[in-house]
Amino acid sequence: MMAQAGFLAAELEARGFLAGIGRTILYLIIALVVIGGLIGFSVARRFGPRR
């Protein structure tokens, strides 16, 4: 019984750890997309169609 409880606790801890990593990667992807969009917008304004 004690070994099962330890195994269950380890599994839940691993899932929480993986969920934390997944959330961090998601935030990084969102930040990179936003930064890329801002850079693309400023480049398009600077080198866009010239009048």
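Scroll up for the structure.
The structure displayed is predicted, hence computed values, not measured ones.

Colleague: Kindly report on the overall build of the protein chain, identifying the contributing residues and their values.
Modeller: Helix and strand counts for the protein chain come out as 1 helix and 0 strands. By the compact-globule yardstick of 10 Å for 51 residues, the protein chain is too spread out, its C-alpha radius of gyration being 22 Å. Taken along its principal axes, the extent of the C-alpha atoms in the protein chain is 80 × 10 × 5 Å. Split into buried and exposed, the 51 residues of the protein chain put 0% on the buried side. With the model as given, the accessible surface of the protein chain reaches about 5000 Å², and the carbon-plus-sulfur share is 73%.

Colleague: Got a sec to walk through the environment of phenylalanine 7? Specific residues and values, please.
Modeller: Checked against the element boundaries, phenylalanine 7 lands in helix H1 (residues 2–46). Taking the C-alpha atoms as reference points, phenylalanine 7 and valine 33, 26 residues apart in sequence, are found 39 Å from one another.

Colleague: Could you give an account of a nonpolar patch on the surface, with specific residues and numbers?
Modeller: Judged by side-chain polarity, Phe17, Leu18, Ile21, Ile25, Ile29 and Val33 come together as a nonpolar surface patch covering roughly 600 Å² of accessible area. For leucine 18, the position within the fold is in helix H1.

Colleague: Which residues make up the environment of alanine 31, and what values do they have?
Modeller: Along the chain, the position of alanine 31 falls in helix H1. Taking relative accessible area as the criterion, alanine 31 reaches 35% and is therefore assigned partly exposed. Between the alpha carbons of alanine 31 and valine 43 there is a distance of 18 Å; along the sequence they are 12 residues apart.

Cut-offs and rules
- Residues numbered from 1 in each chain as written.
- Predicted model: local features only at pLDDT ≥ 70, side-chain atom pairs only at ≥ 80, totals over all residues.
- Heavy atoms only, no water.
- Helix = DSSP H or I, 4+ residues; strand = E, 2+ residues; numbered from the N terminus.
- Rg over C-alpha atoms; globule rule 2.2 N^0.38 Å.
- Buried < 20%, exposed > 50% of the residue type's maximum accessible area, 1.4 Å probe, protein only.
- Areas by Shrake-Rupley, 256 points an atom, 1.4 Å probe, with all protein chains shown as cover.
- Patch = residues over 30% accessible without salt bridge, like charges linked within 9 Å, V, L, I, M, F, W, Y side chains within 5 Å.
- Salt bridge = Lys/Arg side-chain N within 4 Å of Asp/Glu carboxyl O.

Geometry only, nothing functional implied.
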